[in-house]
Amino acid sequence: MIFQYKCPSCGNDMHFDSDSGALSCEACGKQESIENYPEELKSAIFTEDEANEYHCENCGAVLITEAETAATNCSFCGAGVVIADRLSGNLAPAKVIPFTISKEEATQAFKKWCRKGLLTPKGFMSADRIKSMTGMYVPFWLFDLNSKVQVNAECTKVRTYTRGDYIYTETKYYDAFRDINLDYIKIPVDASEKMNDELMDKLEPYPYEQLKDFKTPYLVGYIAEKYNYTDDDLLPRAKDKVSEYIESYIHSTLSGYHSVHFKNKRINTSSVKSSYVLLPVWMISYDFNRSEHIFAMNGQTGKVVGKPPISTSKVAMWFGGISTGVFIALKCVSLMMGGGFW
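Residues numbered from 1 in each chain as written. Predicted model: local features only at pLDDT ≥ 70, side-chain atom pairs only at ≥ 80, totals over all residues. Heavy atoms only, no water.

## Quick word on the overall build of the protein chain
Counting its regular elements, the protein chain contains 5 helices and 14 strands. With 342 residues in all, the protein chain has 40% of them scored as buried. For the protein chain, restricting intrachain contacts to residue pairs at least 6 apart in sequence, the fraction spanning at least 24 positions comes to 71%. When the accessible area of the protein chain is evaluated, it comes to approximately 19,100 Å², of which 51% is carbon and sulfur surface. (Helix = DSSP H or I, 4+ residues; strand = E, 2+ residues; numbered from the N terminus. Buried < 20%, exposed > 50% of the residue type's maximum accessible area, 1.4 Å probe, protein only. Contact = heavy atoms within 4.5 Å. Areas by Shrake-Rupley, 256 points an atom, 1.4 Å probe, with all protein chains shown as cover.)

Next comes the structure, spelled out in structure tokens:
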């Protein structure tokens, strides 16, 4: 089963408009509030036969998709298509953050970002080799985590003082115990095997106050993926993402000591709740010097991440400038001290 949305006024295809947050018809300009559309996918059941082959309701063409694709565009007529059975039952997202940055805005924002590269080649900074700009809803699991922490540590405070002709060092030892309860809300972990985990992590943070109840019209005109990994699969990654914060918090409770030696540390992190959500990402393919470079943009905030090419000549000039500056500074210091520096 597939969903396609037609304009009730003129019958043309409608798409999600990131500016208004509504379904919009380019032909007559009519807009429809997405909140008016019912959503019953969480209880919908589809037969295996329905999932095998899909046809565009516009032109009748067979839709060729990968198994993970949940929303796409018809390759023949361009109509936006949502494949319902890949978003039903336990595959139905709980929430979605809609796109607020259009393709045109994303293109201009990326070009502006390219021009800021201090060490990138001049040709790259012109940003005129964009091969593709694809709007995707990437599947994420949002975890609410709880960490119960118990720590035993031996801590010291050192005091140095002078009495008469002698310098004394006094060291006091303390046994410290900490019983800590930490809660973390909405820790995101991407659930698509196609997506680069490092890129997806760097796109954070998303404005989670913008999460909306999932409805399929939000996906019209974009590509969407269903998850490849369950929340159980990704729980270790979620725990790993908060581990640094846990360690930082533990150390913050033991400040004021000269040294801290941990004798025992017990950390038990568990999942309180997990939610399957779709988050907006612009994937950018950029062709430079016969190589393809992939970048990602947060579809809500416009944040761009990726590794641009580096200009060796600019790097050489940069390090040369630093070396020259250091040499001049040392020369001046040497002259001020009455000496020479060669």
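## Description of the sheet that holds strand E3 (residues 22-25)
A sheet is described by the order of its strands in space; here 3 strands give the open sequence E2-E3-E4, paired in antiparallel fashion. Across the chains shown, the open sheet's two edge strands, defined by having one partner strand only, are strand E2 (14-17) and strand E4 (31-32). Two elements, E3 and E4, share 2 bridges in a ladder whose sense is antiparallel. Paired with Leu23 across the bridge in E4 is Glu32. (Pairing = 2+ DSSP bridges.)

## Here's the deal with the pattern of salt bridges
Enumeration over the complete set of coordinates arrives at 13 salt bridges. Between Glu170 and Arg159 there is a salt bridge, with its nearest N and O atoms 3.3 Å apart. Residue Glu170 is found in strand E9 (residues 166-190), and its partner Arg159 is found in strand E8 (residues 130-163); the two are separated by 11 residues along the sequence. Linking Arg237 and Asp197 is a salt bridge whose minimum nitrogen-to-oxygen distance equals 3.4 Å. Taken together, the positions of Arg237 in helix H4 (residues 231-252) and Asp197 in helix H3 (residues 197-202) put the pair 40 residues apart, joining distant regions of the chain. (Salt bridge = Lys/Arg side-chain N within 4 Å of Asp/Glu carboxyl O.)

## Thoughts on the confidence of the model for the protein chain
With 70% of its residues at a pLDDT of at least 70, the protein chain reaches an overall mean of 80. Predicted confidence is poor over residues 41-52, with pLDDT under 50, and the contacts of this stretch with residues over four places away or in other chains come to 21 contacts. Taken as a whole, residues 333-342 scores under 50 in pLDDT and shows 7 contacts with residues more than four places along the chain or in a different chain. (pLDDT = per-residue confidence, 0-100.)

## Brief notes about the packing of aromatic side chains
Under the counting rule described, the total for this entry stands at 18 aromatic pairs. Judged by centre distance (5.8 Å) and plane angle (55 degrees), the ring pair of Tyr174 and Tyr257 falls under tilted. You can see Tyr174 sitting in strand E9 and its partner Tyr257 sitting in the loop between H4 and strand E12 (259-288), a full 83 residues away along the chain. When its relative accessible area of 32% is taken as the criterion, Tyr174 is described as partly exposed. One aromatic cluster is present, built from ring pairs that chain together Phe16, Phe99, Tyr137, Tyr218, Tyr222 and Trp282. Over the face of the ring belonging to Phe262 we find Lys265, whose NZ or CZ atom lies 4.2 Å from the ring centre. (Phe/Tyr/Trp six-rings, centres within 6.5 Å; stacked < 30°, edge-to-face > 60°. Lys NZ or Arg CZ within 6 Å of the ring centre and 35° of its normal.)

## Overview of the pairing of E8
Where E8 lies against E12, 26 bridges are found, and the strand directions are antiparallel. Within E12, the position partnered with Leu142 by the bridge is Ser275. Across 2 bridges, the pairing between E8 and strand E11 (residues 223-225) is parallel. Note on E11: the bridge partner recorded for Tyr137 is Ala224. Relative to E9, E8 runs antiparallel, the two sharing 23 bridges. Within E9, the position partnered with Lys148 by the bridge is Asn181. Two successive antiparallel strands, E8 and E9, enclose a turn made up of 2 residues, where Gly164 displays a positive phi of approximately 65 degrees.

## Looking at H4
Helix length check: H4 (22 residues) gives 31 Å between terminal C-alpha atoms against 32 Å at 1.5 Å per residue, within 8%. The sharpest bend along H4 measures roughly 35 degrees and falls at Val242. Those residues of H4 lying buried are Leu234, Leu235, Ala238, Val242, Ile246 and Ile250. Buried residues in H4 make contact with E8, E9 and E12. (Expected span 1.5 Å × (residues − 1). Bend = angle between axes of the 7 residues up to and from the residue.)

## As for the layout of surface pockets
If you add up the space inside the second largest pocket, you get close to 200 Å³. What lines the second largest pocket is Tyr184, Lys186, Ile187, Pro188, Glu204, Pro205, Tyr208, Asp240, Lys241, Val242, Glu244 and Tyr245. Elements represented by at least two residues in the lining of the second largest pocket include exactly E9 and H4. It is H4 that contributes the most residues to the lining of the second largest pocket, 5 residues altogether. (1 Å grid on protein atoms, 1.4 Å probe; cavity = no way out; pocket = protein on both sides within 12 Å on 5 of 7 lines; lining within 4 Å. Points joined across faces, edges and corners; volume = space filled by probe spheres on them.)

## Examining the environment of Ser18
With respect to the secondary-structure elements, Ser18 resides in the loop between E2 and E3. Given the relative accessible area of 8%, Ser18 is considered buried. Put simply, Ser18 and Tyr218 are 200 residues apart on the chain and 9.1 Å apart in space, counted from C-alpha to C-alpha. Once you skip the residues sitting within four places of it in the chain, Ser18 turns out to touch Phe99, Thr100, Ile101, Ser102 and Tyr222. A polar contact is formed between the side chain of Ser18 and the backbone nitrogen of Ser102, at a distance of 3.4 Å. (Polar contact = N/O pair within 3.5 Å; in protein donor to acceptor, adjacent residues only side chain to side chain.)

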